Amino acid sequence: ASLGLAGAVEDVWFDTDDGVRLHAFYLHRPDADRVVLMFHGNAGNATHRLPLAVALAELGVSVLVPDYRGYGYSGGQPSEVGLYRDADAAWRYLTRTRGYAPGRIVVMGRSLGGAVSIELLTRVDAAGLVLISTLRSARAMARSMGLGLLAPFIGERLDSESRITTLTEPLLIFHGEDDEIVPVDHGRTLYELARDPKRLELVPAARHNDIIEVAGPAFWTPLGDFLDRVAPPTRRTVSP
């Protein structure tokens, strides 16, 4: 990264309220008092998301990328209720341990991480929400594609479409028009159900896993604009 941010990646650890030890990567920008809390998808773990996290930090934000229980270096076994406890623990880490104001935290979720983000924001208030390739519910997913993506979560609901109607945060949704795992109608449905202010960015020719690469500036420019609108940069800093 041009800012040498890869060297600023810290391994951090925190506990959930049911006693699971979670690992996260934290990219701290001493010149920023705003942070993106990034929940990754089902495939892979936080390590695979580091290039994205470093690129995000280039926009002038710190970034926290937690691994859910049962992923990466985190303990425990995956479950839907566990995902939500993990999100709580990451939120507590940012607000209590790191001292961020909730209005300076933008929550971002990709694929499965979008469901985690939406559920978290039914209980806390953040500056904004960014969803990338997010499913509307496990039931709709199973109907259209089978449960490959959600194998650890069979029998669980991940019911984002009912939850998103209650959220008040500004919303930005990205979805690939050729997404072969979470069809584009999932992104359209979530957009239609959400309250204003909201924006939908459909990316032509993008699939599930290459959307950011295919979009290029059509991802980074709207994202940077959104961050600057919902959590404008200030000169204040957050202590490490």
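Above this text you will find the structure in question.
Residues numbered from 1 in each chain as written. Predicted model: local features only at pLDDT ≥ 70, side-chain atom pairs only at ≥ 80, totals over all residues. Heavy atoms only, no water.

Caption draft 1: Broad picture of the side chain of S160. Locating S160 in the fold gives a position in helix 5 (residues 160-163). Classification of S160 as buried rests on a relative accessible area of 1%. Those residues within four positions of S160 in sequence are excluded, and the remaining contacts are A115, I118, L135, R136 and L190. (Helix = DSSP H or I, 4+ residues; strand = E, 2+ residues; numbered from the N terminus. Buried < 20%, exposed > 50% of the residue type's maximum accessible area, 1.4 Å probe, protein only. Contact = heavy atoms within 4.5 Å.)

Caption draft 2: Broad picture of the environment of H23. You can see H23 is positioned in strand 2 (residues 21-27). When the C-alpha positions of H23 and D11 are compared, they lie 7.0 Å apart, and in sequence the two are twelve residues distant. Apart from residues no more than four positions distant in its own chain, H23 is found in contact with D11, V12, W13, P66, D67, Y73 and S74.

Caption draft 3: Here's a closer look at the pairing of strand 6 (residues 128-132). Burial of strand 6 is extensive: five of the five residues sit out of reach of the surface. The side-chain alternation of strand 6 yields two buried faces, one formed by G128, V130 and I132 and the other by L129 and L131. With helix 3 (residues 112-120) bridging strand 5 (residues 105-110) and its parallel neighbour strand 6, the resulting β-α-β unit is right-handed. Pairing of strand 6 with strand 7 (residues 171-176) involves four bridges; the strand directions are parallel. Its bridge partner lying in strand 7, L129 is registered against L171. (Right-handed = clockwise from strand over helix to strand, strands pointing away. Pairing = 2+ DSSP bridges.)

Caption draft 4: Structural context of the pattern of salt bridges. Tallied over the full model, the rule gives 15 salt bridges. Of the charged contacts in the structure, one is a salt bridge between R69 and D18, with a shortest N-O distance of 2.8 Å. Pair noted here: R69 is in the loop between strand 4 (62-66) and helix 2 (80-97) and D18 is in the loop between strand 1 (9-15) and strand 2, with a separation of 51 residues, a long-range link. By relative accessible area, D18 is classed as partly exposed at 33%. The salt bridge involving D31 is made with R29; its shortest N-O contact spans 2.7 Å. Exposure remark for D31: the relative accessible area of 45% places this residue in the partly exposed category. (Salt bridge = Lys/Arg side-chain N within 4 Å of Asp/Glu carboxyl O.)

Caption draft 5: Here's a closer look at the pairing of strand 8 (residues 198-203). Two elements, strand 7 and strand 8, share six bridges in a ladder whose sense is parallel. When the bridges of strand 8 are listed, F174 appears paired with E201. Read as a crossover between parallel neighbours, the route from strand 7 over helix 6 (residues 184-193) to strand 8 is right-handed.

Caption draft 6: Spotlight on the nonpolar core. Core analysis: the largest hydrophobic core is formed by 42 residues, its most contacted members being L37, F39, L64, L94 and V107. Contributions of two or more residues to this core are made by strand 1, strand 2, strand 3 (35-39), helix 2, strand 5, helix 3, strand 6 and strand 7. At eight residues, the largest contribution of residues to this core is made by helix 2. Sequence-distant contacts of L64, that is, excluding residues within four places in its chain, are made with V12, A24, F25, Y26, V35, V36, L37, M38, A90, Y93 and L94. By size, the runner-up hydrophobic cluster in this structure holds 31 residues, among which are V106, A127, A206 and F219. (Core = buried A, V, L, I, M, F, W, Y, C linked by side-chain atoms within 4.5 Å.)

Worth remembering: the numbers are spatial, not functional.
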